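# Geometric and topological summary
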Amino acid sequence: PAGDGHAVKPTAADTVSLNPKYSFSNFVVSTSNQLAHAASWAVATQATTKYNPLFIYSRVGLGKTHLLHSIGHQLASSGAKVVYVTTEQFTNEFISAIREGKSHEFRYKYRKCDVLLIDDIQFIIGKEQTQEGLFHTFNELHNSNKQIVISSDRLPGELPLLDDRLRSRFDWGLTTDIQIPDKETRLAILQKKAQASGADVPDAVLTFLSDKVYESVRDLEGTLNRIIAFSVFTKRPINLDLAKQYSGQKRENVKPRACSPAAI
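Residues numbered from 1 in each chain as written. Predicted model: local features only at pLDDT ≥ 70, side-chain atom pairs only at ≥ 80, totals over all residues. Heavy atoms only, no water.

### Section: the overall build of the protein
Within the protein, the regular secondary structure consists of 10 helices and five strands. Looking at the protein as a whole, 43% of its 264 residues are labelled buried. Per element, the accessible surface of the protein, about 13800 Å² overall, is 51% carbon and sulfur. (Helix = DSSP H or I, 4+ residues; strand = E, 2+ residues; numbered from the N terminus. Buried < 20%, exposed > 50% of the residue type's maximum accessible area, 1.4 Å probe, protein only. Areas by Shrake-Rupley, 256 points an atom, 1.4 Å probe, with all protein chains shown as cover.)

This is how it looks when you write it as structure tokens:
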């Protein structure tokens, strides 16, 4: 359902930290992210907390943040009070609230919202005080049937040093992952990105780039942006020669370095 009726009209309830570039309308759906997208769309459009919390995990740059912002925009357009926060921001605000005696304001912000979107929860590892604060925030929201969506670079059970009470709560709802996109998906992403940029990018160039294996969608889009930029700066048309010159080395040819404990 990614392409129909997904236009978002921001309202006063929208959160300023939501990125307008990230919406369901420009998220490319494929087998690598189909479940994560479907669950996100359900959370954003159905009046239910069936998937609560929704826990999305993947390696860096594959679309977790895109989905979180998309959920936020969709719900905010319906008048919901949405709070999107990175784990680092949550930690900093929690520490500041304690230091400055503003715990009441902190609790009000995070416990009176309708939807809480937390990005990169893995950065809470080792921060015991923050975990305690998040634990109580989670309980308050969950008991009030408020939606919680969390992203991470790994499964809840693979988060070391995480408070067991908190980890068990992450497993209450639905956990879904996003995989590295296949060639067809990479091509679709490039086509959408090229169209949005307004640049004249030949199909042969997009096909050439999609043949490369990228670690993340971010790297894929970054390569296309680099080629477009060089075309603008050098006043050269975008063609295969330019793409080969500035696309960088094929990812599949880059061998990871083996590091022993002694070498580290």
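### Section: the layout of surface pockets
There is about 750 Å³ of room inside the largest pocket. The wall of the largest pocket is formed by 30 residues, among which Tyr22, Gly63, His66, Val217 and Glu221 lie closest to the centre. Looking at the lining of the largest pocket, the elements that each hand over two or more residues are helix H2 (64-76), helix H7 (183-197) and helix H9 (217-234). At five residues, the largest contribution of residues to the lining of the largest pocket is made by H9. A breakdown of the residues in the lining of the largest pocket according to their chemical character gives 10 nonpolar, 11 polar and nine charged. Each pocket or cavity is described by its volume, and for the second largest pocket that value is around 220 Å³. Along its surface, the second largest pocket is lined by 16 residues, and Val43, Gln46, Ala47, Leu75 and Val115 are the ones closest to its centre. Top contributing element to the lining of the second largest pocket by residue count: helix H1 (residues 34-45), with three residues. (1 Å grid on protein atoms, 1.4 Å probe; cavity = no way out; pocket = protein on both sides within 12 Å on 5 of 7 lines; lining within 4 Å. Points joined across faces, edges and corners; volume = space filled by probe spheres on them. Nonpolar A, V, L, I, M, F, W, Y, C, P; charged D, E, K, R; others polar.)

### A word on the pattern of salt bridges
Summed over all chains, the structure comprises eight salt bridges. We note a salt bridge from aspartate 114 to lysine 146, for which the minimum N-O separation is 3.3 Å. Of this pair, aspartate 114 sits in the loop between helix H4 (103-111) and strand S3 (115-119) while lysine 146 sits in the loop between helix H5 (128-143) and strand S4 (147-152), and the two are 32 residues apart along the sequence. For aspartate 114, a relative accessible area of 28% translates into the label partly exposed. (Salt bridge = Lys/Arg side-chain N within 4 Å of Asp/Glu carboxyl O.)

### Considering the sheet that holds strand S5 (residues 174-177)
Spatially, S2-S3-S4-S1-S5 is the arrangement adopted by the five strands of the open sheet, whose pairing is parallel. Lying at the two open borders of the sheet, with one neighbouring strand each, are strand S2 (82-86) and S5. Taken over all neighbouring pairs, the strand axes of this sheet differ in orientation by 15 degrees on average, direction set aside. By the bridge criterion, five bridges tie S2 to S3 in an arrangement that is parallel. (Pairing = 2+ DSSP bridges. Axes fitted to C-alpha atoms, helices over the stretch in contact; angles between N-to-C directions.)

### Quick notes on unusual backbone geometry
Of the consecutive residues asparagine 52 and proline 53, the connecting peptide bond is found in the cis state with omega at 5 degrees. Within the secondary structure, proline 53 is located in the loop between H1 and strand S1 (54-57). Look at lysine 235: it is not a glycine, yet its phi comes out positive at around 55 degrees. Within the secondary structure layout, lysine 235 lies in the loop between H9 and helix H10 (240-246).

### Thoughts on the packing of aromatic side chains
Any aromatic ring pair is given by two values, namely how distant the centres are and how the planes are angled relative to each other. Inspection of every chain in the model, using the stated rule, returns eight aromatic pairs. Measuring from centroid to centroid gives 5.7 Å for phenylalanine 55 and phenylalanine 170, while their planes differ by 40 degrees, and the two rings are tilted. Pair noted here: phenylalanine 55 is in strand S1 and phenylalanine 170 is in helix H6 (residues 164-170), with a separation of 115 residues, a long-range link. Feature note: the residues Phe55, Phe138, Phe170 and Trp172 constitute an aromatic cluster, connected by ring pairs. (Phe/Tyr/Trp six-rings, centres within 6.5 Å; stacked < 30°, edge-to-face > 60°.)

### Observations regarding the pairing of S1
Bridging between S1 and S4 involves four bridges; their strand directions are parallel. Pairing of isoleucine 56 across the sheet is with serine 151, part of S4. Summarising the sheet, S1 and S5 pair through four bridges and their orientation is parallel. Residue pairing across strands places tyrosine 57 opposite aspartate 177, the latter belonging to S5.

### Concerning H7
With 15 residues, H7 should cover 21 Å at 1.5 Å per step; its first-to-last C-alpha distance of 21 Å lies within 8% of that length. Where H7 is concerned, the buried positions are Thr185, Arg186, Ile189, Leu190 and Ala194. Around the axis of H7, the buried residues are gathered within 170 degrees of arc, so they sit on the same side. Pointing more than 90 degrees away from the buried face of H7 are the exposed residues Glu184 and Gln195. The inward-facing, buried residues of H7 abut helix H8 (203-210) and H9. The first or second residue beyond H7 is glycine 198, which carries a positive phi of 80 degrees. (Expected span 1.5 Å × (residues − 1). Arc of directions from axis to C-beta. Contact = heavy atoms within 4.5 Å.)

### Some details on the environment of leucine 220
With respect to the helices and strands, leucine 220 occurs in helix H9. Looking at leucine 220, the relative accessible area reads 1%, which means it is buried. Here leucine 220 is in contact with Arg186, Ile189, Leu190, Leu209 and Tyr214, once residues within four sequence places are set aside.

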